[in-house]
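# Examining the three-dimensional arrangement
The chain contents come next:
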Amino acid sequence: MARNVNFDLNHPLMEAGLESPVDEEVVHDSFSQLIAEQSQNESPDAYELQQLQRQLDEEGRDHISYLSGPGHNYRERQQRQGQDEWQEDGMQTDLNIGERWSSATMKILSSMPSRTIGRSRGAIISQYYNRTLELRRRRQTRPSIRDFSPSARPSIRGYGMERDSIDGEGTEMTKRERLVNNLQNLSMSDRVRMLRAIPLSVAEKRELRASALQKERRTRSASQIPCCSQLKYYIIIAVRQSWYSWLSFLHSLQLWQVALKRVSGRFGTAVLSYFLFLKTVLFFNIFLFLVTSAFLVLPQAAHPPGLHAVRHSFSGLELLTGAGYFSDTVMYYGYYCNYTLHSSCRDDGRQNISVSNGTGLDCMSKHLSYNMPLAYFFTIGAAFFITCIILVYSMSKSFGQSFRIDKSHSILAMKVFCSWDFKVIKKNSVKLMSENIQTQLKELLAEVNHKHVKNTFCQRLWRLTVHSIAWAICIASTTACVIGIYFFSQHMHQNLQQTSRSPLTSQNPLRYEASLLALPVVVSLINLLLPGLFNLAAWMEDYESLSVSTYVAIARNLMLKVSILAVLCYHWLGRVATDRDNNHLMCWESFVGQELYRFLLMDFIFSLLDTLLAEFLWRLFSTRVLKRRRKPVFDIAKNVLELIYGQTLAWLGVLFTPLLPAVQIIKLMLLFYIKKSSVMMNCQAPRKPYRVSQMTTIFITLLCFPSFLGASVCVTYTMWSIAPSSSCGPFRGLKNMFQAGKRWVEELEKDNPNLSVLARAHSFLVENPLFLFVGAAIFLIVIYFHSQVVDGQRKIINLLQEQIENEGEDKKFLITRLQSIHEQKRTPARRLRSQDSSC
Amino acid sequence: MGNKQTIFTAQQLDAYQDCTYFTRKEILRLFYRYRDLAPQLVPLDYTNQPDVKLPYELIGSMPELKDNPFRQRIAEVFSEDGEGNMTLDDFLDMFSVLSEMAPRDLKAYYAFKIYDFNNDDFICKSDLQKTLNKLTRNELTEDEVRMVCEKVIDEADLDNDGRLSLEDFQHMIVRAPEFLSTFHIRI
């Protein structure tokens, strides 16, 4: 039987973070490992006879010993610490089961290999011994001298022999020794991973580790290693030490440890996931900020270009609008210089003082020059590229964790065993959680009991109409808002052109600036109010399943946000950027950057308002006026979508406002504390079940797909095909931003004809659309293959699951056979015993 | 640095780091948490491995465990003597398994032990009843408890012997992605 189960020994045991569905079979592999272990003790026949004898003696006592209470349990546990004690287990037979099988069968059953996994220390040790063996066999690509030391035989040669000898002896000591040997021969990181994963107590693990280390040292001193490998050893140790200290340093950086603990202690995993998501977004921004400030802001700030504009005075309104005082600072695109200009050559002087009055070309030809346009181009490009990689990586990881073959059975079991949130430590929340679990269990029971309640045709029709009405309302309101924004932005744009032409502007700059705020306020207001309408529609629809209603809410909010952003992007890139004939804007990039700053800020202010109104005032209202004891529930989906929206703005704006990530960082920091205190003060733990890992996956996907991808498409479009403004910024005078690279390559070629290959490669790779197509095609093909692989794996998993079920059937069959054999054997044995007693 | 040296030797810290999912800092923090439970019992010098055990009453009064219905089981499972009295090693072990980094297999193993109230290495109906009563604070009626027990065993028991072995349990856990995030205590 075990051979049948032994379908795959090459599974990635060690990657046993168990993150992808491929790893699932790890759990089922243990039959074969343990069969070997089991058969080593006695020969099965002898065992069975012995068991039978004992069982005959003890049959009467079974139930008494079961009833003997908890003291017995502890005694039993202590005995377990020592040796293989499955004889003892027969006495533990549960009353319920005793009715089904005879106790002898139960004994055999409970000593079946699959049942002994991890039961005694010996079993654990030998299980992990087998795992280490397998690991070693797989890593045997580089057999080193150490492996051939006499104390530890290399697994390729000695594998069979070791198995045999184990079968012969099988005492715990030798098993232990072998485990130690194996541990010793693993690489350092593998050993640590293995040690950590063994379910033994820390004290024992330390012993194992100590003996493995000791052995290693002994073999090393015995077999005179050349000094270079000793050096290697020391280097490895040093690297490991520094890695550990780096880890603890990283750990000390962990933000908001205490705050997160308090939130999770009170609200559990669901609400915590919002704050963790906020933290993830924050880290993306910190990364962006570090990159842009190191490569753009600092070099530019250290060497300011000549002041060409009048310095605006600081009035305070700038904090809101981002214009005026800030407009000619490192914050915006327009401030950054390009080196083809005469004046900016002073920058070059910092590295090479002798060339203080060179022309642009001279500057370019200097080796130590810092080519700002190029730096700008590549910094933004690299930042986006790395962000993309990180996002895709975390997305795939998240998918791996939450992707399961969703078979609907064993829901109740999961509910019972996996629904208790061990993080929750506050008394009220614990109470609430057990109430929730109780109601969920009741609901599930009811569901299981009458599964098929068919709706009548009328009911279904009614539901369908309600849903379509709700969707119609949502889509109509979204469309109306989007059209409104479209015309309003157009109006504002024309208004701006007129005011900038008329001399009035100079008289009343404050009013002009304030008028800039109108569009962001309107958009944020829509963002605040429409989700309320959507909630109303969802309330009208009255979804039965919670997950469906969550998905619907997310879909509607997403629809709104995406369409708003699309209109805004059209407004900025299609209208403001191409509309330079009027020349009312000196620098459209800076203007768009300011707009994005305003949007980000308004989004923040309105989410504060939302917190205040929806959470604080509503709580006051419901507790004071309505006299309800329930507090509002924190709406995770809505809040996360707001975060995603804000992050999209930040990504859109990096190109125009290199310091926008800094603003976003401050915003997120404040938001964290405000949301945290609001949640603590105003909300109660969610009453409904919430599938955290699934939702996290969805959110990270949303952050990647419409949000990041949309932003990067806009940025690439800007770089490739919109002409930068001619009087400001690092790309002035170029047809598009992307030409900065081309020009640089041309200069390089002029300087050094040998590099013409590079120039040709550049023109071929970057300018040729064919390359882009080929790249995209390869990308698509890779994705296609991956999806095919996943599909195949899914099929395999289904097959394996079927196989498991078949094995279960086989087992049942064998057990009944066993039972009947026992029945037959018992009758003659009884007769025998009665004869004995009569003698 | 000097402070660390007086509590543990460097080797001890290394060993702890290799055997748990904690960094140096966290190990020290956990030590202080442990010590704060009974400052008069726990010495500040662990270099010669003193034999100190904190009784269950102290362990169970930690805020992380105080209101957890399974606190006694957790303490019992992780303590060497099976009665909830913990040495520092046991204490570290407990929080290491319950930490974020621990793999699913390890967590599932200990979760199984926790739910196996009578220590017979199987989750049988009586264990399930106890689990349910703890989960719902005895609010379910006897009938409901019985039904839930039957259903759970029916769903998760692969070999039809009427109780869940570790293998059955692991097989079920694999399909519950939530488990990793809920079987986790923040320190």
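Residues numbered from 1 in each chain as written. Chains lettered and ligands numbered in written order. Predicted model: local features only at pLDDT ≥ 70, side-chain atom pairs only at ≥ 80, totals over all residues. Heavy atoms only, no water.

An unreviewed UniProt entry annotates chain B as EF-hand domain-containing protein of Echeneis naucrates.

Heads up, the rule is: UniProt positions are given in the numbering used here, feature names are shortened, and annotations may be inferred rather than shown by experiment.
As annotated in an unreviewed UniProt entry, chain A is Transmembrane channel-like protein from Echeneis naucrates. The record held by UniProt for chain A lists under Sequence similarities (unreviewed entry) the comment "Belongs to the TMC family." Quoted straight from UniProt, the Subcellular location (unreviewed entry) entry for chain A says "Membrane".

### Describing the interface of chain B and chain A
Using the following cut-off: For this analysis, residues touch if any pair of their heavy atoms sits within 4.5 Å. Reported buried area values correspond to the accessible surface (1.4 Å probe) lost by two parts on association, with both partners' losses combined. One speaks of a salt bridge when a side-chain nitrogen belonging to Lys or Arg is within 4 Å of a carboxyl oxygen belonging to Asp or Glu. Here a polar contact means two N or O atoms within 3.5 Å. Within protein one must be a hydrogen donor candidate and the other an acceptor candidate, and residues neighboring in sequence count only if both atoms are side-chain atoms. Put simply, DSSP H or I for four residues or longer makes a helix, DSSP E for two residues or longer makes a strand, and each gets a number counted from the N terminus.
The partner chain A presents 102 residues to the 92 residues of chain B that form the contact. Of the roughly 9000 Å² buried where chain B meets chain A, counting both sides, 56% is carbon and sulfur surface. Together, B:Asp18, B:Arg175 and B:Arg186 form the three largest contributors to the area buried by chain B at its contact with chain A, with a combined 9%. Counting across the interface, chain B meets chain A through 3 salt bridges. Taking the shortest distance from any N to any O, the salt bridge between A:Arg206 and B:Asp89 comes out at 3.1 Å. Along the contact surface separating chain B from chain A lie 15 residue pairs in polar contact (both at pLDDT 80 or more). Sorting elements by how many residues they give to the side of chain B that touches chain A places helix H11 (residues 166–174) of chain B first, with 8 residues.

### Things to note about the domain arrangement of chain B
All names here are of chain B. Rule in force here: An automatic or database domain assignment supplies the residue ranges for each domain. Polar here means any residue other than Ala, Val, Leu, Ile, Met, Phe, Trp, Tyr, Cys and Pro, which are nonpolar, and Asp, Glu, Lys and Arg, which are charged; Gly is therefore polar.
Along its sequence, chain B is organised into domain 1 (10–98) and domain 2 (104–182). Each partner contributes residues to the interface: domain 1 has 10 residues there, and domain 2 has 12 residues. Of all residues in domain 1, Phe70, Arg73 and Val97 bury the most surface against domain 2, accounting for 58% of the area lost on that side. The tally of links between domain 1 and domain 2 comes to 0 salt bridges. At the junction of domain 1 with domain 2, the criterion picks out 6 residue pairs in polar contact (both at pLDDT 80 or more). Elements with a contribution of two residues or more to the side of domain 1 that touches domain 2: helix H6 (71–78) and helix H7 (88–97). Residues that form the side of domain 1 that touches domain 2 fall into these classes: 8 nonpolar, no polar and 2 charged.

### So, the packing of helix H15 (residues 257–302) of chain A against helix H28 (residues 636–653) of chain A
Residue and element names in this part refer to chain A. The following threshold applies: Whenever a helix is involved, its axis is fitted only over the stretch in contact; in every case the axis is a line through C-alpha atoms, and angles between N-to-C directions fall within 0 to 180 degrees. Just so you know how the angles are binned, under 35 degrees is roughly parallel, over 145 roughly antiparallel, 65 to 115 roughly perpendicular, and the rest oblique.
Running from N to C, H15 and H28 point in directions that differ by 5°, and their axes come no closer than 10 Å. Taken together, H15 and H28 sit at an angle that is classed as roughly parallel. The residues of H28 that touch H15, namely those facing Ala270, Val271, Ser273, Tyr274, Phe277, Leu278, Val281, Phe284, Asn285 and Leu288, are Ile636, Asn639, Val640, Leu643, Ile644, Gln647, Ala650 and Trp651. Split into classes, the residues belonging to the contact of H15 with H28 amount to 14 nonpolar, 4 polar and no charged.

### A short note on the nonpolar core
Condition: In these notes, a set of buried Ala, Val, Leu, Ile, Met, Phe, Trp, Tyr and Cys residues joined through side-chain atoms within 4.5 Å is what counts as a nonpolar core. Burial classes follow relative accessibility: with a 1.4 Å probe on protein chains only, a residue under 20% of its type's maximum area counts as buried, one over 50% as exposed, and anything between as partly exposed.
One finds A:Tyr274, A:Ile380, A:Trp651 and A:Phe699 to be the most contacted residues of the largest nonpolar core, which totals 117 residues. No other element matches the 18 residues that H15(A) contributes to this core. Excluding anything up to four places from it in sequence, A:Phe699 contacts A:Phe277, A:Ile554, A:Ala637, A:Val640, A:Ile644 and A:Tyr690. By size, the runner-up hydrophobic cluster in this structure holds 97 residues, among which are A:Ala197, B:Leu88, B:Leu98 and B:Ala156.

### So, unusual backbone geometry
Outside of glycine, negative phi angles account for most residues, and trans bonds account for most peptide bonds. All names here are of chain B. A positive phi angle, near 70°, is found at Asp121, a position not held by glycine. The class of Asp121 is buried, set by a relative accessible area of 3%. Even without being a glycine, Arg137 presents a positive backbone phi close to 55°.

### Concerning the environment of A:Pro520
Residue and element names in this part refer to chain A. The topology assignment puts Pro520 in helix H25 (residues 518–541). Accessibility expressed as a relative area gives 0% for Pro520, which makes it buried. Each residue touching Pro520, except ones within four places of it in the same chain, is listed here: Arg598, Phe599 and Met602.

### Here's the deal with the UniProt feature "domain: EF-hand" (unreviewed entry) in chain B
In the numbering used here, UniProt assigns the "domain: EF-hand" (unreviewed entry) feature to residues 103–138 and 144–179 of chain B. The span residues 103–138 of chain B is 67% helical and 0% strand by assignment, and the distance between its end C-alpha atoms comes to 32 Å.

### A closer look at helix H27 (residues 588–625) of chain A
Stated formally: Expected helix span is taken as 1.5 Å per residue step, with the number of steps being one fewer than the number of residues. Values of bend correspond, residue by residue, to the angle between axes fitted over the seven residues ending at that residue and the seven starting there.
Across its 38 residues, H27(A) extends 51 Å between first and last C-alpha, which sits within 8% of the 56 Å expected from 1.5 Å per residue. Of all the bends in H27(A), the greatest measures close to 30° and is centred on A:Trp618.

### A closer look at the packing of helix H12 (residues 188–197) of chain A against helix H2 (residues 10–19) of chain B
H2(B) packs onto H12(A) with a crossing angle of 75° between their chain directions and a minimal axis gap of 7 Å. Classed by the angle they form, the pair H12(A) and H2(B) counts as roughly perpendicular. The segment H12(A) lies against H2(B), with A:Val192, A:Leu195 and A:Arg196 engaging B:Gln17, B:Asp18 and B:Cys19.

### Looking at the state of the cysteines
All names here are of chain A. Our working rule: Here, the term disulfide refers to a pair of cysteine sulfur atoms separated by no more than 2.5 Å.
Counted by the stated rule, this structure contains 1 disulfide over all chains. The disulfide partner of Cys587 is Cys728, and the gap between their sulfur atoms is 1.9 Å. Its torsion about the S-S bond being 85°, the disulfide of Cys587 and Cys728 is classed as right-handed. Highlighted residues: Cys587 in the loop between helix H26 (546–576) and H27 and Cys728 in the loop between helix H30 (692–721) and helix H31 (739–751), separated in sequence by 141 residues. When its relative accessible area of 7% is taken as the criterion, Cys728 is described as buried. Cys569 forms no disulfide, and the closest cysteine sulfur to it belongs to Cys714, at a distance of 3.4 Å.

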